[in-house]
Amino acid sequence: MPDQDSINNVLKPFIQPWYDSIAAPAKAQERVLADLLLKYGLTEYGKDHQAPKIGSINDYQANFPIINYEGLVPYFKKVKEASYTSFLFEPPECWVMTRGSTGKSKVLPATQTHLKQIFNCGARAIINYAIRKQSYNIFLGVILNLNFPSSVQTMTYEGKQVTYGYSSGTYARLNPMFDRVSLLPRQEEIDALGSGIGRKDWEKRFELAYQMSKDQNVTAAMGVTPVILSFARYLKHVHGKKPSDIWKTQALFCTSVRKIHFKYGPILKKYFGDIPIVEMYTATEGVFGQQLDDYPYITPNYDSYFFEVKTNKGIKMLHELKRGEWGKLVVSSCMFPRYDIGDLVEAAGKNYYRIIGRNNTRTVLEHKLYRTFLGWLL
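What this report covers is the structure whose coordinates are included nearby. These figures come from a predicted structure and were not determined experimentally. (Residues numbered from 1 in each chain as written. Predicted model: local features only at pLDDT ≥ 70, side-chain atom pairs only at ≥ 80, totals over all residues. Heavy atoms only, no water.)

1. Points about the side chain of Thr-225
Following the sequence through the fold, Thr-225 ends up in helix H11 (residues 225–239). Residue contacts for Thr-225: discarding those within four places in its chain leaves Cys-254, Thr-255, Val-257, Ile-260, Tyr-264 and Leu-268. (Helix = DSSP H or I, 4+ residues; strand = E, 2+ residues; numbered from the N terminus. Contact = heavy atoms within 4.5 Å.)

Okay, structure coming up:
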């Protein structure tokens, strides 16, 4: 193990920009928007919305409309037909799909800049954990790969047939970090088992993960929270062992669902032991935040994405929300200007936020009832 200073010098470029942005979110957001406008100005969409002439946040909000996935589909069609500058400032490196947990799977492009942000921001949860806990040996073990397959379907792009798959598996396969950190199974080995996501398909992946890692030093698991839990239940049911009987896992890095700490946390600890659960706010469209400390909230990547919230009192910057304020999250990224991600977010104060869930009637009603009866806890 190298000395602590050497390790910190390696990790600092990934994590320090996040720490700096938390200290001054308004300045960080202004810098991000300025950079995004330069990129948008290289696209037909950006030029149509006056990107080269915009000089303030208010101008940006006045000229660029909020757009959801359905609104993006016609532009993606143009991108597929070899006209990426219609909406993107650089060509896609690949295409990825969502899990379709709330409906039909979305298919989106992934550019080089987008992938770099996914990899850099995606590493922050485990890096921040290692620095905060002074537990650098987490990098010396194996990280369980329980991701979805990255080779699922084909599509026509620029007149050629290309293969694409679920974003989690695709990002794991392309991430250069996993050339230095042991990820088992490798994504290519998962893909070789097929593209299905039914019960039998997952059982094959879980068995592969178990057989490849049962004699290894598994220090962490990272991925979609219900999948991590399903893997633990599979081990207990099929092999009669809990993960804590096999490995001394240091932490779980959990994504993709709401109520990770309160709904899933107690059950995960039943199987993995009383270890830290670190929440990550990730989506196919970006890695938007991660848990900063022991509090069960996420803190945004202010240095990489531009965050707004549509509240019942109008549009506000995410960092301007007062404790208890909530609304629909709107994210601007290197690919998507003012994108309605479809999630509801609530401020807990001091750059802590809680992802309430998807923006639908059930979630809104549930949240309003929660605030009515338990709002005093906020």
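From this point on, the discussion continues.
2. As for the state of the cysteines
Under the definition given, this model contains 0 disulfides. Note on Cys-94: no disulfide assigned, nearest cysteine sulfur contributed by Cys-334 at a separation of 12 Å. Given the relative accessible area of 16%, Cys-94 is considered buried. Here Cys-254 stays free of any disulfide, with the sulfur of Cys-121 as its closest cysteine sulfur at 19 Å. Overall, Cys-254 belongs to the buried group, its relative accessible area being 0%. (Disulfide = S-S within 2.5 Å. Buried < 20%, exposed > 50% of the residue type's maximum accessible area, 1.4 Å probe, protein only.)

3. Let's talk about empty space enclosed by the protein
Rolling a probe over the atoms, with the probe sized like a water molecule, indicates the empty space that remains. Within the structure shown, the criterion is met by 4 cavities of 30 Å³ or more. Within this model, the largest cavity holds a volume of roughly 100 Å³. Residue lining of the largest cavity: Lys-259, Ile-260, His-261, Phe-262, Glu-279, Pro-296, Tyr-297, Ile-298, Tyr-353, Arg-354 and Ile-355, and that is the complete set. Elements with a minimum of two residues in the lining of the largest cavity: helix H13 (260–272) and strand S16 (352–358). Lining the second largest cavity are Tyr-281, Phe-288, Ile-298, Pro-300, Phe-307, Leu-318, Leu-329, Val-345, Tyr-353 and Ile-355. Split into classes, the residues belonging to the lining of the second largest cavity amount to 10 nonpolar, no polar and no charged. (1 Å grid on protein atoms, 1.4 Å probe; cavity = no way out; pocket = protein on both sides within 12 Å on 5 of 7 lines; lining within 4 Å. Points joined across faces, edges and corners; volume = space filled by probe spheres on them. Nonpolar A, V, L, I, M, F, W, Y, C, P; charged D, E, K, R; others polar.)

4. Considering the nonpolar core
Membership of the largest hydrophobic core comes to 87 residues, with the highest contact counts inside it found for Leu-268 and Leu-329. In terms of residue count, H11 provides more of this core than any other element does, 7 residues in total. Ranked by size, the runner-up nonpolar core spans 25 residues in total, among them Ile-15, Ala-125, Ala-130 and Leu-292. (Core = buried A, V, L, I, M, F, W, Y, C linked by side-chain atoms within 4.5 Å.)

5. Side note on helix H1 (residues 4–23)
With 20 residues, H1 extends just 24 Å between its outermost C-alpha atoms, more than 12% less than the 28 Å of an ideal straight helix rising 1.5 Å per residue. At Lys-12, H1 is bent by approximately 60°, the largest bend along its length, and proline Pro-13 sits one to four residues beyond. Turning to H1, the residues buried within the fold contact helix H2 (25–40), helix H7 (124–133), strand S10 (286–290) and strand S11 (299–300). (Expected span 1.5 Å × (residues − 1). Bend = angle between axes of the 7 residues up to and from the residue.)

6. Quick word on the pairing of strand S1 (residues 92–97)
Along S1, 5 of the 6 residues are buried, which leaves the element largely enclosed by surrounding structure. Strand direction decides the pairing type here: S1 and strand S2 (residues 107–111), joined by 5 bridges, are antiparallel. Considered in S2, the bridge of Trp-95 is made with Pro-109. Across 2 bridges, S1 lies against strand S5 (residues 160–166) in parallel orientation. Paired with Met-97 across the bridge in S5 is Tyr-166. (Pairing = 2+ DSSP bridges.)

7. Some words on the environment of Phe-253
Relative to the helices and strands, Phe-253 is located in strand S8 (residues 251–255). Taking the C-alpha atoms as reference points, Phe-253 and Lys-316, 63 residues apart in sequence, are found 30 Å from one another. Setting aside chain neighbours within four positions, we find Phe-253 in contact with Ala-125, Ile-126, Tyr-129, Ile-138, Ala-220, Ala-221, Met-222, Gly-223, Ile-228, Val-278 and Met-280.

8. Remarks on the packing of aromatic side chains
Tallied over the entire structure, the rule returns 28 aromatic pairs. A centroid spacing of 5.9 Å and a plane angle of 90° characterise the contact between Tyr-129 and Phe-253, whose relative ring orientation is edge-to-face. Residue Tyr-129 is found in helix H7, and its partner Phe-253 is found in strand S8; the two are separated by 124 residues along the sequence. According to the relative accessible area criterion, Tyr-129 is buried, its value standing at 6%. Taken together, a centroid distance of 5.9 Å and an interplanar angle of 45° make the contact between Tyr-297 and Tyr-352 tilted. Of this pair, Tyr-297 sits in the loop between S10 and S11 while Tyr-352 sits in strand S16, and the two are 55 residues apart along the sequence. (Phe/Tyr/Trp six-rings, centres within 6.5 Å; stacked < 30°, edge-to-face > 60°.)

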